[in-house]
Every structure is written in C-alpha cells, then in structure tokens.
Amino acid sequence: MQYRRLGSTGLNVSVVGVGTWQFGGEWGKDYAQSEVDEILHTAKEAGINLIDTAECYGDHLSEAFIGDYLKRDKREDWIVATKFGHHFHSHLNRTDAYSAEDVLKQLDASLLALKTDYIDLYQFHSGSDAAFDQEELWTMLDKQKQAGKIRHIGLSLNKSNSMHQVTHAAEVGASAIQIVYNRLERGPEADVFPACDRYDLGVLARVPLASGLLSGKYQSGTRFASNDVRARQNGEGLDETLQVVARIQNEEVPEGTNMAQWALAWCLRHPSVTTVIPGCKDPAQVISNAQAVSLLDKE
C-alpha cells in the first residue's frame, strides 16, 4: 500500500480506501455484521487505513456496522470519515438538514453509531451553496473541533461541483474535498483540482469505478435490480455508457490488466488526487482494489 498526505490535515491516508454506502443496504444486498467485519479486516491486512461512510447510508446503519468493528479493533489505526446533512427515511429517500442545531444532533448520533469519541474527517454532504453559506454552522463545527469530537472538516461536493464551496473551503475550516471523479467523469480536472492544489485541499475521489461500470464486468443490456441504487441508470443511457466502457477497455487498458484496478490507478495518477474510495461487496473486491497500487509505477 502507498500513503499520501491529505491536504493540510496532515493525515497520511492509504491511496485506496473503503467506501461503505453498500453497508446501508441500497446496493442490492443487506449486510450482516460478520460480513462487514471480514471486509474491514481484509482492508486492514492490505494496508488500507481509510473508511468513508455517511449519516444517511441507512439511518446511521453503515456507521453502526463500522462502529461495532472498531470497538473490537484499534481505533487509532483507522482514519474514519463520515458526513452530515441528511436524514434517511427509506430506500433512496432522504431529507436535507444542514442547520447548526440539527447537524450537532447528527454528529452526536454518528459518534454513538461509530462507537468512538472523535471523527477524523467530518464532511458537509452534497449541500447547496445556500446550505453552505451559514456562518452559525461552521462556528458550531469549529467548537466541536475544539472539543475534540472532530479532527478535520471536509466538503463532499454534489454533482454541481460548486466552485463557491471549493474556493471558500479554507474559510470554513475545511481541509479536504470529496468529489466524483473517474475515467468517465473528468469534470474536476478543469477547475476543482487546480483550486485544490492552490489551497492545499486533499482530494478523495468517490465513484472511481463509475458505480462498478468501469470494472469491465457489465455488458450492454445489463439491468440492475430495483433495490440497487444503480437501477436509476437502467435503459438506453446505461447501454450507451457500457459501450463507451467497452471502447475504453479495448483501446486504453493494457491486455491482461484487470480493468477495475486500471481505473483506480488511472484516478490516482492525477497529481491532485490523494485517495480513491471505491465500494466493495466482499473481501475479494477489497484485495483487488488494493492491488491497483501495483499499477502506479507502470506506464
């Protein structure tokens, strides 16, 4: 495993982390604690030290699975990132909640679920610029940093890739940006990444495998089950994307190279990217993701 400094946080994070939305049950599978334990144990054995979760991956469900594992492991060995800004109600059904009063309650609920007394990276979760522009929110979070509940603040951008939030990140005490970035979605290269370099913001690249589409496992005609978040892509648009993926696999991925590993290494080769946080359904995928590091020294 390789490690990089996460912007001005000074945290040394593994270049491959573990994304955990799947533990919330919205990716076509419900998890048991034993399965989560095996995934996280395998990640640790592979040198991974970063877990990314959120308040609304289930109603703190993903956090609770992680917390149960952490209480039986060494908490200090992990960098735990979670998020705030939503209430989970049911499958893909959330409401926004960004007020200082509500976020404080969310923070305490996350700490309880994670069974820890501090969060390494607490991230503003896909909020609008209006939600971002609340001085009382950032004042409250700064107080929680002083109290030791939070070590660092981050911003997990929504699909608009708000430059307003990026350029004002340092002013609200944020040290890292989480953003969608992969071979199919290169928008951050134009504006977000140069700003992150300028302000020394660490970058967590989420959806680095394009929700699994860049794994090379799916062919045109694939349809996802209704309990899988990817079902929203079903149809002609999905077929067109998979045709693009097939072209990338044929033209860009070296023969004999695992496409998922290639796609993760592709993200990590961008100098602005600190770490990728792919999801993983089982220990085998954890191992495969971690092995992407072996491609970083290859052309």
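The structure under discussion appears in the preceding block.
The text that follows walks through the structure, step by step, so that each part is easy to find. (Residues numbered from 1 in each chain as written. Predicted model: local features only at pLDDT ≥ 70, side-chain atom pairs only at ≥ 80, totals over all residues. Heavy atoms only, no water.)

1. Overview of the environment of Phe23
Just so we agree on the cut-off: Note on conventions: DSSP H or I runs of at least 4 residues are helices, E runs of at least 2 residues are strands, and numbering of each starts at the N terminus. For every residue, the accessible area obtained with a 1.4 Å probe (protein chains only) is divided by the maximum for its type, and the residue is called buried under 20%, exposed over 50%, and partly exposed between those limits. Contacts: residue pairs with any heavy atoms within 4.5 Å of one another.
Of note, Phe23 is situated in the loop between β3 (18-19) and α1 (33-45). Phe23 gets classed as buried once you look at its relative accessible area, which sits at 1%. In this structure, the C-alpha to C-alpha distance between Phe23 and Ile66, residues 43 residues apart in sequence, is 9.0 Å. Those residues in contact with Phe23, other than ones at most four positions away along the chain, are Tyr31, Val36, Ile39, Leu61, Ser62, Phe65 and Ile66.

2. Describing the sheet that holds strand β5 (residues 79-84)
We count it as follows: Strands pair, by our definition, only if DSSP identifies at least two bridges between them. Fitted lines through C-alpha atoms give the axes, limited to the stretch in contact for helices. The angle between two N-to-C directions lies from 0 to 180 degrees.
The eight strands are arranged β3-β4-β5-β8-β9-β10-β11-β12 in an open sheet whose pairing can be described as parallel. Of all strands in the sheet, those with a lone pairing partner are β3 and β12 (275-276), marking the two edges. As defined by bridge partners, strand β10 (residues 174-180) adjoins strand β11 (residues 202-206) across five bridges and the pair is classed as parallel. Note that in β11 the partner of Ala176 across the bridge is Gly202. Each of β5, β8 (119-125) and β9 (150-156) touches helix α3 (residues 100-114); the most contacted strand, β8, lies at about 135° to it. Lying on the sheet, helix α5 (residues 135-147) is in contact with β5, β8 and β9; it crosses β9 at an angle near 145°.

3. Focus on the side chain of Thr9
Note the following rule: N or O atoms closer than or at 3.5 Å make up a polar contact, with two conditions inside protein: a donor-capable atom paired with an acceptor-capable one, and, for residues adjacent in sequence, both atoms drawn from side chains.
Within the secondary structure, Thr9 is located in the loop between β1 (3-5) and β2 (12-14). Of the residues examined, Thr9 reaches a relative accessible area of 9% and is grouped as buried. Polar side-chain contacts of Thr9 include one of 3.0 Å to the backbone nitrogen of Leu11. When near neighbours in sequence (up to four residues on either side) are disregarded, Thr9 contacts His152 and Ser175.

4. Section: the packing of aromatic side chains
As a reminder, the rule being used: Stacked, edge-to-face and tilted are the three classes for Phe, Tyr and Trp ring pairs, Trp counted by its six-membered ring, which pair at centre distances within 6.5 Å; planes under 30 degrees apart are stacked, over 60 edge-to-face, the rest tilted. Here, a charge over a ring means that NZ of Lys or CZ of Arg falls within 6 Å of the ring centre while also lying within 35 degrees of the ring normal.
As enumerated under the stated definition, the model contains 11 aromatic pairs in all. Where Tyr98 meets Phe124, the ring centres are 5.1 Å apart and the plane angle is 40°; that geometry is what we call tilted. Here Phe124 lies in strand β8 and Tyr98 lies in the loop between β7 (93-96) and α3, a separation of 26 residues in the sequence. The exposure class assigned to Tyr98 is buried, which follows from its relative accessible area of 9%. Of the aromatic side chains, those joined through ring pairs into one cluster are Phe84, Tyr98, Tyr122, Phe124, Phe132 and Trp138. Taking NZ or CZ as reference, Lys29 lies 4.9 Å from the ring centre of Tyr31, over its face. Geometry around Tyr118 places Arg75 over its ring, the cationic atom sitting 4.0 Å from the centre.

5. Looking at the packing of α1 against helix α2 (residues 61-70)
In helix packing, the relevant descriptors are the interaxial angle and the interaxial distance, both defined with respect to the helix axes. This is how the line gets drawn: Crossing handedness: left-handed means the near helix sits turned counterclockwise from the far one by under a right angle, and right-handed means the same turn made clockwise.
In contact at an axis separation of 9 Å, α1 and α2 are set at 65° when each is read in the N-to-C sense. Crossing angle aside, the handedness with which α1 passes α2 is right-handed. Counted together, Gln33, Val36, Asp37, Leu40, His41 and Lys44 of α1 and Ala64, Phe65, Ile66, Asp68 and Tyr69 of α2 form the full contact between these two elements.

6. Comments concerning the packing of α3 against α5
Worth spelling out the cut-off: Following the grouping adopted for this structure description, the nonpolar residues are Ala, Val, Leu, Ile, Met, Phe, Trp, Tyr, Cys and Pro, the charged ones are Asp, Glu, Lys and Arg, and the polar ones are all others, Gly among them.
At a closest axis distance of 9 Å, the pairing of α3 and α5 adopts a crossing angle of 30°. Between α3 and α5 lies a crossing whose hand is right-handed. Here Ala100, Val103, Leu104 and Leu107 of α3 come into contact with α5, specifically with Glu136, Leu137, Met140, Leu141 and Gln144. Counted by class, the contact of α3 with α5 contains seven nonpolar, one polar and one charged residues.

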